[in-house]
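Take a look at the letters that make up each chain.
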Amino acid sequence: MKNLLRHVFHIDHVIVAGLTIIIIELMVVVTINLDFLSPVVRVLKSFSMTDIYHKIQNSGDPTEVCSTITLVDITELTHRKDIAHVIREINEMKPSVLGIDIIFEGEKSDSVGDEMLAEACLDGNLSRTVFAYKLINYDESKHSYQNSLHSYFSMGQNIKEGFVNLVDNPEKSVRKYANILPSQDIQTYSFPFQISQLVTQKTNGDEVMHTINYKPIQFPVIKYNELGNYREYITDHIVLLGTTQEERDKFYTPIGQKSGMEILAYTILSMTEGSPIKHASPWIVILWALFAGYLTNLIDFFLTKRVQKRQSAMMVFVTQSELYDKVISFIVMVLITWISFELYVKCGYFVDTVLPLATIVLIEEGRLLYVGLLSVLKKKKLNNFVKKSIYANEIE
């Protein structure tokens, strides 16, 4: 029993896992610094295990209907007087918060429609209304936006606004939403942030980027001309007014293509429910990778030793094949991925599994490197350390 515990908790398993992580990090450094490998770097940066987690969560049609957020679609409306009528109708039903996800750029030739729209917006409950605006002209040298685009009626008015910029690379899935962005040397707040602040009365701290929780849920979408039939989805609800069908307002997300307003809804929901995704620190990720490598090496060591004792020609052949290592790696990868998935879904805690999974796959390289180092130590007459190793018999 004592000998068994010695082999289970032997430092060699940790050293092998640690050497494997070092090999991986060296490979990453080489990949980043070689220009011809830059496409590989871009692909890796555009990948996240959260995409897979959300895909699993949303594999079927969501059965839960959101009870706090409703989307009102006005994609078909083109005249501002008609939009003004919809805004008045919504306000009459007394939503808890109205978010207007449309930017009305500059007054047009339809002065009557412009005036009706401005009156409808400004006559509503301004203390519970949030208007969208957009930050423009980003200056790389100053790391700040230099201008902003607002609706024509907002100038000089005491209204609450939030930017609707998506700062993620358009080639990637939208996984995060900025809470705060710099504009002309001041901090500006996002549209979802402003709405969630009205609902929760909390500022969500100083979190700059909010990881969106794409939980499996369905947001009620009501057409502008059917509001009267769905009053219960408007009264005391967060209502977002905008478009859901415009192609130019579609973005890729981990759960497929979604409209900008739907992304706002997911962001607001995770903020108001207090269920933001927390990211594990790099040290936690390294510890998780060490555990994954430790477990893989431990299983491989015991199975190999067990087979060797039995002297079964068939089993010896199996253990020497690549399939054997792949089966062990696959089993541990499934275990690590499942635990990480449960932490993400049940606890809202994301541990990046790229490094742990890479450690599992490349554990054999770490083991070979360690045996090679032991051979060097043996030649240097450091036999006391070598003799304590569980791989002492493998050294020439």
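Quick caveat: nothing in here was measured; it's all calculated off a predicted structure. (Residues numbered from 1 in each chain as written. Predicted model: local features only at pLDDT ≥ 70, side-chain atom pairs only at ≥ 80, totals over all residues. Heavy atoms only, no water.)

## Description of the overall build of the chain
On a plain count of helices and strands, the chain comes out with 14 helices and 15 strands. Burial status across the chain gives 43% buried among its 396 residues. A separation of at least 24 residues holds for 78% of the contacts in the chain among residues at least 6 apart in sequence. Of the accessible surface of the chain, which amounts to about 21800 Å², a share of 58% is contributed by carbon and sulfur atoms. (Helix = DSSP H or I, 4+ residues; strand = E, 2+ residues; numbered from the N terminus. Buried < 20%, exposed > 50% of the residue type's maximum accessible area, 1.4 Å probe, protein only. Contact = heavy atoms within 4.5 Å. Areas by Shrake-Rupley, 256 points an atom, 1.4 Å probe, with all protein chains shown as cover.)

## A closer look at the pairing of strand β13 (residues 256–259)
Note that strand β12 (residues 250–253) and β13 share four bridges and pair antiparallel. Paired with Thr253 across the bridge in β13 is Gly256. Turn length for the β12-β13 hairpin, with the two strands adjacent in sequence and antiparallel, is two residues. (Pairing = 2+ DSSP bridges.)

## What about the side chain of Asn297?
With respect to the helices and strands, the residue Asn297 is situated in helix α9 (residues 282–310). When near neighbours in sequence (up to four residues on either side) are disregarded, Asn297 contacts His13, Val16, Ile363, Arg367 and Tyr391.

## What to know about the packing of aromatic side chains
Counting across every chain of the model gives 10 aromatic pairs. Between the aromatic rings of Tyr344 and Phe350, the centroid separation amounts to 6.0 Å while the plane-to-plane angle is 80 degrees, which identifies the pairing as edge-to-face. Residue Tyr344 shares its accessibility class with Phe350, and that shared class is buried. Each residue in the set Phe104, Phe131, Tyr152 and Phe153 is aromatic and connected to the rest through ring pairs, giving one cluster. (Phe/Tyr/Trp six-rings, centres within 6.5 Å; stacked < 30°, edge-to-face > 60°.)

## Quick look at the packing of helix α5 (residues 80–92) against helix α6 (residues 111–123)
At a minimum axis distance of 8 Å, the contact between α5 and α6 shows a crossing angle of 15 degrees. It follows from the interaxial angle that α5 and α6 lie roughly parallel. Between α5 and α6 lies a crossing whose hand is left-handed. Across from Arg80, Lys81, Ile83, Ala84, Ile87, Arg88 and Asn91 in α5, the residues of α6 making contact are Gly113, Asp114, Met116, Leu117, Glu119, Ala120, Cys121 and Asp123. Split by residue class, the contact of α5 with α6 holds seven nonpolar, two polar and six charged. (Axes fitted to C-alpha atoms, helices over the stretch in contact; angles between N-to-C directions. Parallel < 35°, antiparallel > 145°, perpendicular 65-115°, else oblique. Left-handed = near helix turned anticlockwise from the far one by under 90°. Nonpolar A, V, L, I, M, F, W, Y, C, P; charged D, E, K, R; others polar.)

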